[in-house]
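Listed below are the residues making up each chain.
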Amino acid sequence: MTDVWEPTAVADPGTAVAEAAARLARAARDHRPCAPVRDLLGPADIGLAYAVQRRVVGDRIAAGARVVGRKIGLTSEAVQRQVGVDRPDFGVLLDDMDVSALPAVPSGRLLQPRAEAEIAFVLAADLDTDDLDLARVRSAVGHAVAALEIVDSRVAGWDIAISDTVADNASSGLFVLGRQAVGIDEFEPRDVAMRMYADGVPVSEGDGTACLGDPLAALLWLARTAREFGDPLRAGQVVLSGALGPLVPTPPGITVEAEMTGGLGSVTATFSPKDQEG
């Protein structure tokens, strides 16, 4: 199989990046999903896709948003096989994506949402050195909380290849953090078991091994990758480490709750009716 992470020949990369970023931004602004951007970037040019992501995120920062962390995507082998890749990707978390304090998740801000349960690490130290290993990233974690990531796609019908999701900020949407903070020395992330309910009905379950074998291994991958990109992880940032089980659709009005072992407790999100923009 051809390595899908090899760059593709694009006649004018600068124009392709600008047009892809504009297409995704227009979809978000008009609240209307768009065609995939792989017709502009190629299906597997990760370098161009991250350039689009930087453009999209940069425009949001210029409009007043603030970076509060990162999310790791494609940590499940099953999802990697589905998309045709052999490694994870990442996106940027902005302050206006954190809806933990709201009484309901604003469904009006979302296009095609799905929820997945994750462990969120809150960093107490920078991860910007060359000698990054599991011990280093573990020591940098201040605490962890249960989290719900609400993934979303600006691409119609979730018709995505790897370049589509990377360009679209790793299909980021919103996120909700639990309130029960647990020190990293109080539990083992890979041993955490999760069960998720939708309106009280079990819909998803899994554990920490679904996330690259260990959520801390996912954090290590991100720390190394972010440093290589010249934008290392910093103290105070939140890292959504990847799904512990299958994701589920979240239509307006539904309530989703994830319960986790390891002292992490639970995290709940109720989605507003569609006519409430939030």
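Details of the structure are given in the entry above.
Residues numbered from 1 in each chain as written. Predicted model: local features only at pLDDT ≥ 70, side-chain atom pairs only at ≥ 80, totals over all residues. Heavy atoms only, no water.

Chemist: Tell me about the overall build of the protein, and please be specific about residues and values.
Modeler: On a plain count of helices and strands, the protein comes out with 7 helices and 11 strands. A compact globule built from 278 residues should have a C-alpha radius of gyration of about 19 Å, and the protein, at 18 Å, falls within 12% of that. Seen along its three principal axes, the alpha-carbon backbone of the protein occupies a region of about 55 × 50 × 40 Å. In the protein, buried positions account for 52% of the 278 residues. When the accessible surface of the protein is split by element, carbon and sulfur atoms take 51% of a total near 12,000 Å². In the protein, the 25 positive side-chain charges and the 40 negative ones have mean positions that sit 4 Å from each other. (Helix = DSSP H or I, 4+ residues; strand = E, 2+ residues; numbered from the N terminus. Rg over C-alpha atoms; globule rule 2.2 N^0.38 Å. Buried < 20%, exposed > 50% of the residue type's maximum accessible area, 1.4 Å probe, protein only. Areas by Shrake-Rupley, 256 points an atom, 1.4 Å probe, with all protein chains shown as cover. Lys, Arg positive; Asp, Glu negative; His and termini not counted. Charge placed at Lys NZ, Arg CZ, Asp CG, Glu CD.)

Chemist: Summarise the packing of aromatic side chains; cite the residues concerned and give the values.
Modeler: Centre distance and the angle of the planes are the two values used to describe a pair of aromatic rings. Inspection of the entire model under this criterion finds 4 aromatic pairs. With a centroid separation of 5.0 Å and 65° between ring planes, the pair formed by Tyr50 and Phe229 is classed as edge-to-face. Separated by 179 residues along the polypeptide, Tyr50 in helix α3 (residues 46-62) and Phe229 in the loop between α7 (215-228) and β8 (238-243) bring together distant segments of the chain. The class for Phe229 is partly exposed, based on a relative accessible area of 39%. Of the aromatic side chains, those joined through ring pairs into one cluster are Tyr50, Phe90, Trp221 and Phe229. (Phe/Tyr/Trp six-rings, centres within 6.5 Å; stacked < 30°, edge-to-face > 60°.)

Chemist: Which residues make up the sheet that holds strand β7 (residues 201-207), and what are the values?
Modeler: Taken in spatial order, the 4 strands line up as β7-β6-β10-β11 in an open sheet, and their pairing is antiparallel. Looking along the sheet, the strands with just one partner apiece sit at the ends: β7 and β11 (265-270). The sheet shows a mean angle of 15° between the axes of neighbouring strands, direction not considered. (Pairing = 2+ DSSP bridges. Axes fitted to C-alpha atoms, helices over the stretch in contact; angles between N-to-C directions.)

Chemist: Quick one: what's the story with unusual backbone geometry, residue by residue and with numbers?
Modeler: Of note, the phi angle at Leu74 is positive, near 60°, even though the residue is not glycine. Its location among the elements puts Leu74 in the loop between β1 (67-73) and α4 (77-83). The class of Leu74 is buried, set by a relative accessible area of 13%. Backbone geometry places Ala170, a non-glycine residue, at a positive phi of 55°. Relative accessible area serves as the criterion here: at 4%, Ala170 is assigned to the buried category.

Chemist: Outline the pattern of salt bridges, listing residues and values.
Modeler: All told, the structure shown has 17 salt bridges when counted by the stated rule. Residues Asp96 and Arg60 are paired through a salt bridge, measuring 2.9 Å at the closest nitrogen-oxygen approach. Here Asp96, found in the loop between β2 (89-94) and β3 (114-123), pairs with Arg60, found in helix α3; they are 36 residues apart in sequence, far enough to count as distant. According to the relative accessible area criterion, Asp96 is partly exposed, its value standing at 32%. (Salt bridge = Lys/Arg side-chain N within 4 Å of Asp/Glu carboxyl O.)

Chemist: Go over the packing of helix α1 (residues 13-30) against α3 with me, naming the residues and quoting the values.
Modeler: Viewed as axis vectors pointing N to C, α1 and α3 meet at an angle of 50°, and their least axial separation amounts to 9 Å. By the angle between their axes, α1 is oblique relative to α3. In the crossing of α1 with α3, the sense of the turn from one axis to the other is right-handed. Note on element contacts: α3 touches α1 through Leu48, Ala51, Val52, Arg55 and Val56, opposite Pro13, Val17, Ala18, Ala20, Ala21 and Leu24. (Parallel < 35°, antiparallel > 145°, perpendicular 65-115°, else oblique. Left-handed = near helix turned anticlockwise from the far one by under 90°. Contact = heavy atoms within 4.5 Å.)

Chemist: Go over the pairing of β11 with me, naming the residues and quoting the values.
Modeler: Consecutive residues of a regular strand have side chains that alternate between opposite faces of the sheet. Relative to β11, strand β10 (residues 255-260) is paired through 6 bridges, and the arrangement is antiparallel. Its bridge partner lying in β11, Thr255 is registered against Thr270. Connecting β10 to the antiparallel partner β11 that follows it, the hairpin turn spans 4 residues, and Gly262 within it adopts a positive phi of roughly 80°.

Chemist: Residue-level account of the environment of Leu93, with values.
Modeler: Following the sequence through the fold, Leu93 ends up in strand β2. Here Leu93 falls in the buried class, since its relative accessible area comes to 1%. With 28 residues separating them along the chain, Leu93 and Phe121 place their C-alpha atoms 13 Å apart. Excluding anything up to four places from it in sequence, Leu93 contacts Arg66, Val67, Val68, Gly69, Arg70, Lys71, Phe175, Val238 and Leu240.

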